[in-house]
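The primary structure of each chain is shown beneath.
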Amino acid sequence: MNVISAELVEQKLGTYLHDTFRHLHTNPELSGREFETQAFLKSELDRLGIPYKEMAWTGLCAELKGARPGAAILLRADIDALPIEEQTGLAYASNREGAMHACGHDAHMTIVLGTAAMLLERQNEWSGTVKLMFQPSEEKHPGGAKPMIAEGLLDDPKVDAAIGIHTNPYLAPGTFGLKDGAILANADRFYIHLIGKGGHAAAPHEGADAIAMAGQLIVSIQNLVARQVSPFDNAVVTIGEIKGGYAPNTLADRVYMAGTVRTMNDDTQAMMEKKIGVLLQGIADLWGGSFTYDYVRGYPITWNDKAMTDIVRHAAETCLGKESVVEMPHGYMSADDFAYIAQAVPSVFIEWGTGEWAEEARGTAVPWHNPAFRVNPDAFKYGVAVVTQSILNYLQGGK
Ligand SMILES: [Zn+2]
Ligand SMILES: [Zn+2]
């Protein structure tokens, strides 16, 4: 079998990849409203002659068939942008006020279209089916993956494995971050009302000060991570919103708080959910107040199957050499609804190196969801090469 080199991808698709990416980057659409994006994807699939169907409103599932029947693998791109005003100064920056591809989903679509084009070139060399998933609304819980699965994304033909790819501004183009097991976290939210009793600030003992209750909760909630989570496990709790109080001389009868809990282990998730409730009860009892507590589970852990991760390791080594594989000591505490695909079939979520701009020293990368976030265009040829090679390796029966 011929190796899919980055040079080959550049030669065949270089201009196409850059033009496609620039078009998508300039025209971002927010979660669930990706109408023009969907229309653009349809026109590209029509041009490539790949049949597709609409799913989950603005999503698409396309199907590419090899020369003979065989296994089915899914390749996923999310397609939505974020409500951020772009500040990159790029020539092809967003032309839409209040919308920006600041997570690189424009680059994910480009990779999937480019991979489809490479696979078509070699249609005689592989068997089975490649499903191309273009998923709306990743940035907005409950996300587009779940409804697509409910509409039959993984059926007929039944999907046997899946690959997801994500930009990573901390890794250089030509490198791929891989990790077996949990790569992204459980991402949950909580909403709390602390209810006290109003009164004069000079006589706190006659009321129940909801702000004092809030102060105790803010400190104690961090101690749950420090004292109840194993040093070998990890968790994050952040209170990102707090509102309460009226005046300097008045006891607050009510404080509202909202935050997030991130965990890499389902037992730790259950412990945090439960113990925040225990803490609230203790604080309410102590101060004679009460509370409401809603804990909402978000996207679950994204789990990388070892055999699938090995297929990508091997593909990257074949295409680009051993140094292209970056073994990640830990994942990220962010989340992605690719997790639902990974729960259903053996999957791998690839951290694709899209950072290291010439003018930046390493370690100063602009993170995701930042108005200055950028994807290095040099990364595309490597991404398409490794993803195409991984799919070919899988469909040709492994290594
Ligand atoms: Zn994002
Ligand atoms: Zn993203």
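Right above here is the structure, for reference.
The present account deals with the structure reproduced in this document. (Residues numbered from 1 in each chain as written. Chains lettered and ligands numbered in written order. Predicted model: local features only at pLDDT ≥ 70, side-chain atom pairs only at ≥ 80, totals over all residues. Heavy atoms only, no water.)

**Considering the coordination of the zinc ion (ligand 2)**
Within the protein, the atoms that donate to the zinc ion (ligand 2) are Cys 103 (SG), His 105 (NE2) and His 166 (NE2), at distances of 2.1 to 2.4 Å. Between the zinc ion (ligand 2) and the zinc ion (ligand 1) the interatomic distance comes to 3.2 Å, and Cys 103 is a ligand of both metals. Within this pair, whereas Cys 103 is found in the loop between strand S3 (68–78) and helix H3 (105–121), its partner His 166 is found in strand S5 (residues 161–168), the two being separated by 63 residues in sequence. Each of the two residues, Cys 103 as well as His 166, counts as buried. (Donors = N, O, S within 2.8 Å, 3.2 Å for Na, K, Ca; no water. Helix = DSSP H or I, 4+ residues; strand = E, 2+ residues; numbered from the N terminus. Buried < 20%, exposed > 50% of the residue type's maximum accessible area, 1.4 Å probe, protein only.)

**What about the sheet that holds strand S6 (residues 176–178)?**
Ordered by their spatial adjacency, 8 strands build an open sheet running S1-S2-S4-S3-S5-S16-S6-S15, and the pairing between neighbours is mixed. The sheet is open, and its two edges are formed by strand S1 (52–55) and strand S15 (325–327), each paired on a single side. Shown here is a sheet whose adjacent strand axes are inclined to one another by a mean of 25°, direction ignored. Relative to S15, S6 runs parallel, the two being bridged by 3 bridges. When the sheet's bridge partners are listed, Gly 177 is paired in S15 with Val 326. With respect to the sheet, helix H7 (residues 306–320) is in contact with S3, S5, S6, S15 and strand S16 (347–353), its orientation differing from that of S16 by roughly 35°. Those strands touched by helix H9 (residues 379–395) are S3, strand S4 (127–135), S5, S6 and S16, and its axis lies near 150° from that of S3. (Pairing = 2+ DSSP bridges. Axes fitted to C-alpha atoms, helices over the stretch in contact; angles between N-to-C directions. Contact = heavy atoms within 4.5 Å.)

**Structural notes on the packing of H7 against H9**
Packed helices, taken two at a time, are described by the angle between their axes plus the distance between the axes. Remark: H7 packs on H9, axes separated minimally by 8 Å, with the N-to-C direction vectors making an angle of 125°. One way to sum up the angle between H7 and H9 is to call them oblique. In terms of crossing hand, the pair formed by H7 and H9 is right-handed. Side by side, H7 and H9 meet where Met 308, Ile 311, Val 312, His 314, Ala 315, Ala 316, Cys 319 and Leu 320 of the first sit next to Tyr 382, Ala 385, Val 386, Gln 389, Ser 390, Asn 393 and Tyr 394 of the second. Here the residues of the contact of H7 with H9 are counted per class, giving 11 nonpolar, 4 polar and no charged. (Parallel < 35°, antiparallel > 145°, perpendicular 65-115°, else oblique. Left-handed = near helix turned anticlockwise from the far one by under 90°. Nonpolar A, V, L, I, M, F, W, Y, C, P; charged D, E, K, R; others polar.)

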